[in-house]
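Inside the fold
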Amino acid sequence: MARRPVAWVAAIVLFAEAFGIVLLNWFLGLVVDNQDMSLAGLDPRAMSVGAWIAGGLFGLYLVLCGIVLARTAIVDRAPAGIARILLISVAVVHGLLGAFSISLVGWFSFVFMMVVLALLVLTLVAYDRHEQGERETPGDSPAQNGPATPPAPTTP
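The rules behind these values
- Residues numbered from 1 in each chain as written.
- Predicted model: local features only at pLDDT ≥ 70, side-chain atom pairs only at ≥ 80, totals over all residues.
- Heavy atoms only, no water.
- Helix = DSSP H or I, 4+ residues; strand = E, 2+ residues; numbered from the N terminus.
- Expected span 1.5 Å × (residues − 1).
- Buried < 20%, exposed > 50% of the residue type's maximum accessible area, 1.4 Å probe, protein only.
- Contact = heavy atoms within 4.5 Å.
- Phe/Tyr/Trp six-rings, centres within 6.5 Å; stacked < 30°, edge-to-face > 60°.
- Lys NZ or Arg CZ within 6 Å of the ring centre and 35° of its normal.
- Salt bridge = Lys/Arg side-chain N within 4 Å of Asp/Glu carboxyl O.

**Considering helix α3 (residues 82–104)**
End to end, α3 covers 32 Å across 23 residues, agreeing with the expected 33 Å (1.5 Å per residue, within 8%). Taken together, the buried positions of α3 are occupied by Leu 86, Leu 87, Val 90, Ala 91, His 94, Gly 98 and Ser 101. Positioned one or two residues after α3, Gly 106 has a phi angle of 140°, which is positive.

Laid out in structure tokens, this is it:
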């Protein structure tokens, strides 16, 4: 199955997206700083620093999710616990960003967000199905069926 390649592609896309987000926020911070723009009387320097910090934090979040996906592809096992929650949260973020990007940016950004969302969901579902396929089904284990009955005595 194509679990590992999908996880690798999703990881690479998240790394590239993290780089793009950091560059975009760095550029926006420079624009705000150079133009002395202000919003509701806020200090322009504080706004530019806030844009840089937000871009850095969101970039780190995407890199962390990319690392989880790369680890998933390397060990070929489903992420569990916090890692799974992290991947679900980044999928939700991409769904919301995709919905907002239609009106704000355009259809190309929407399609990109939905492709990333599809990669994330496919990775989560494919590894979940793979892990469930390896588990025993109820009733397969003798311990689950109750105590074994002794064989009937035979007479010679």
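**Thoughts on the environment of Leu 97**
Assignment of secondary structure puts Leu 97 in helix α3. Since its relative accessible area comes to 31%, Leu 97 is described here as partly exposed. In sequence terms Leu 97 and Met 113 are 16 residues apart; their C-alpha atoms lie 7.0 Å from each other. Among all residues touching Leu 97, those that are not within four sequence positions of it are Phe 58 and Met 113.

**Some remarks on the packing of aromatic side chains**
The full count for this structure, using the stated rule, is two aromatic pairs. Ring plane angle 90° and centroid distance 5.4 Å describe the contact between Trp 107 and Phe 110, whose orientation is recorded as edge-to-face. Here Phe 110 and Trp 107 lie together in helix α4 (residues 107–134), a separation of three residues that amounts to about one turn. For Trp 107, a relative accessible area of 59% gives the class exposed. One Lys or Arg, Arg 3, reaches over the ring of Tyr 127 and ends 5.5 Å from the middle of that ring.

**Examining the pattern of salt bridges**
Under the defined criterion, the tally for this structure stands at two salt bridges. Among the ionic pairs, Arg 3 bridges to Asp 76, the shortest N-O distance being 3.2 Å. One end of the pair, Arg 3, is in helix α1 (residues 3–35); the other, Asp 76, is in the loop between α2 (44–75) and α3, and 73 residues separate them in sequence. Residue Arg 3 is classed as buried on the basis of its relative accessible area of 11%. Its salt-bridge partner being Asp 33, residue Arg 45 comes within 3.2 Å of it at the nearest N-O pair. With Arg 45 in helix α2 and Asp 33 in helix α1, this residue pair connects regions lying twelve residues apart in the sequence.

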